[in-house]
Amino acid sequence: MNLTLEYHRSPVRYLAGRTATGTRLGTRAAGMLAANLSPLRLLNRPDPRPPGPDWGRVRPLLSGICGSDLGLLTGRNSPYLSAVVSMPFTPGHEVVGELLDDLPGLAKGSRVVLDPVLGCAARGVDPPCAGCASGDRQRCDHITAGAVSAGLQTGYCADTGGGWSRMLVAHFSQLHQVPDDLDDPAAVMVEPLACAIHTVRRVEIPENASVLVVGAGTVGLLTVLALRAHTKAGPVYVVARYPHQRERALAAGATEVVSSDRAARALRRATGGFLATPDRGAEYLLGGADVVFECTGGSGLDAALRVARAGGTVVLSGMPNRSADLTPAWFRELHLVGAYATGGRDFPDALALAHAPPLSGYVDAIYPLSRWRDAIGHASAAGRLGTVKVAFAPHRD
Ligand SMILES: [Zn+2]
């Protein structure tokens, strides 16, 4: 049997979560857990079965809690995605685990990280869609078809299991071998790191371009690391809320770290430009950064749009679950670019970059599945508690 945290959505809970706006995520998550309204249940289920010959069983060693998972649990994620998941599912898509079966190119017993996207190859859809055929399986059109139920990724699919359990199944094309000298806490950062590398590759970043990263949680910090490793960006400014985020951002290669209310003024000083003050709403820049990465999961989008230079680019990293005033996108002729999951080269490059010293200590809170309420509460307040990444160790009691 498989001890698993299973997600069940009831429409009432979903609507309650969506309409309770104005509450901070951490507070709401804690409140929902205390009131026993959480859509998660800890259950014993039969082990998931490989749906095809090139699938194998994986025993998760560590499985991270992602901002998108917290959005899911608190009902903040857009209903848009409900069409591409299947219920009930086990969350958890940031996984390092042990492979329990022999697969093409991977021996039983290998330590592996999971590329969670469930594209045409995993689904046995042939011929593949245009996205998968060109190596961009994150753009797969067939995520509701083929050998397994609907699910954009492992962690949103009823048939594959997920990382927040003691067993999942994965297609060999989703798995990458972990080198022996990369420990489990570093390896569980590989998936979010691959996403960050993909994000900085979504846009052309000219040499010495000025860059702003809004947010210094996992996504923001890894974006800074990816910018330094894979682009020739010039100054990288980071908006951070907590002192430990400031230190980690500087260690990852940030030029300067500012608070959100000082971002426009700091950028004006650094990049030139004029500060404009509207009757209502935040001040903005005429001038500003060449490229802005929104890494807060939505709350920073409005600010990001206000400090990109005319003709500049704003990249949506992470799931944008709040609306923003799009007037600057129109008035400043901005490029708005989405960045979802990872493309072909990103996992090998992330496995190489995962050795980077600034990453050490990012996973500093590890919980057994039985303490899932504490784990979710901790992850919801991670920034305030001085933590970057909270993870489950599903086989610990
Ligand atoms: Zn596809």
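Below or above, wherever it landed, is the structure these notes cover.

Rules and cut-offs
- Residues numbered from 1 in each chain as written.
- Predicted model: local features only at pLDDT ≥ 70, side-chain atom pairs only at ≥ 80, totals over all residues.
- Heavy atoms only, no water.
- Salt bridge = Lys/Arg side-chain N within 4 Å of Asp/Glu carboxyl O.
- Helix = DSSP H or I, 4+ residues; strand = E, 2+ residues; numbered from the N terminus.
- Buried < 20%, exposed > 50% of the residue type's maximum accessible area, 1.4 Å probe, protein only.
- Pairing = 2+ DSSP bridges.
- Axes fitted to C-alpha atoms, helices over the stretch in contact; angles between N-to-C directions.
- Donors = N, O, S within 2.8 Å, 3.2 Å for Na, K, Ca; no water.
- Tetrahedral: all angles 85-135°; square planar, octahedral: opposite > 155°, others 65-115°.
- Core = buried A, V, L, I, M, F, W, Y, C linked by side-chain atoms within 4.5 Å.
- Contact = heavy atoms within 4.5 Å.
- Patch = residues over 30% accessible without salt bridge, like charges linked within 9 Å, V, L, I, M, F, W, Y side chains within 5 Å.
- Areas by Shrake-Rupley, 256 points an atom, 1.4 Å probe, with all protein chains shown as cover.
- Phe/Tyr/Trp six-rings, centres within 6.5 Å; stacked < 30°, edge-to-face > 60°.

Digging into the pattern of salt bridges
Scanning the model with the defined rule gives 15 salt bridges in all. Salt-bridge contacts for Asp397 lead to Arg166; the nearest nitrogen and oxygen are separated by 3.1 Å. A residue pair is termed long-range when its members are at least 10 positions apart, and Asp397 in the segment after strand 17 (389-392) and Arg166 in the loop between helix 5 (130-133) and strand 6 (168-171) qualify at 231 residues. The exposure class assigned to Asp397 is exposed, which follows from its relative accessible area of 82%.

Some points on the sheet that holds strand 10 (residues 256-258)
Spatially, 6 strands are ordered 10-9-8-13-14-15 in an open sheet, and the strand pairing comes out parallel. On the outer flanks of this sheet lie strand 10 and strand 15 (335-339), each paired with one strand and no other. When the angles between neighbouring strand axes are averaged without regard to direction, this sheet yields 20°. Note: strand 14 (residues 308-317) against strand 15, 5 bridges, orientation parallel. Residue pairing across strands places Val314 opposite Leu336, the latter belonging to strand 15.

What about the coordination of the zinc ion?
Taken together, Cys120 (SG), Cys129 (SG), Cys132 (SG) and Cys140 (SG) make up the protein donors of the zinc ion, found 2.3 to 2.4 Å from the metal. Geometry at the zinc ion is tetrahedral, judged from the 4 donor atoms that bind it and their angles of 104 to 116° at the metal. Read in sequence order, the donor residues coordinating the zinc ion give the pattern C-x8-C-x2-C-x7-C. Judged by its relative accessible area of 16%, Cys132 falls in the buried class.

With respect to the nonpolar core
With 53 residues, the main nonpolar core has Ile205, Val211, Val213, Val238 and Phe293 as its most contacted residues. Here Val211 is in contact with Ile205, Leu227, Ala233, Pro235, Val236, Tyr237, Ala289, Val291 and Phe293, once residues within four sequence places are set aside. If you look at the next biggest cluster of nonpolar residues, it comprises 29 residues, including Tyr7, Leu40, Val84 and Cys120.

Regarding a nonpolar patch on the surface
Together, Phe274, Leu286, Trp330 and Phe331 give the surface a local cluster of nonpolar side chains, amounting to about 510 Å² of exposed area. Relative to the elements of secondary structure, Leu286 occurs in strand 12 (residues 284-286).

Quick look at the packing of aromatic side chains
Within the structure shown, the criterion is met by 4 aromatic pairs. For the ring pair Phe89 and Tyr156, a centre distance of 5.6 Å and an interplane angle of 50° mean the geometry is tilted. Taken together, the residues span a long stretch of sequence, with Phe89 in the loop between helix 3 (67-73) and strand 4 (95-99) and Tyr156 in the loop between helix 5 and strand 6 at a distance of 67 residues. The two residues Phe89 and Tyr156 agree in class, both being buried. When the centroid spacing of 6.2 Å and the interplanar angle of 40° are considered together, the rings of Trp330 and Phe331 count as tilted. Put simply, the rings of Tyr7, Phe89 and Tyr156 pair up and form one aromatic cluster.

Honestly, it's all geometry; don't read function into it.
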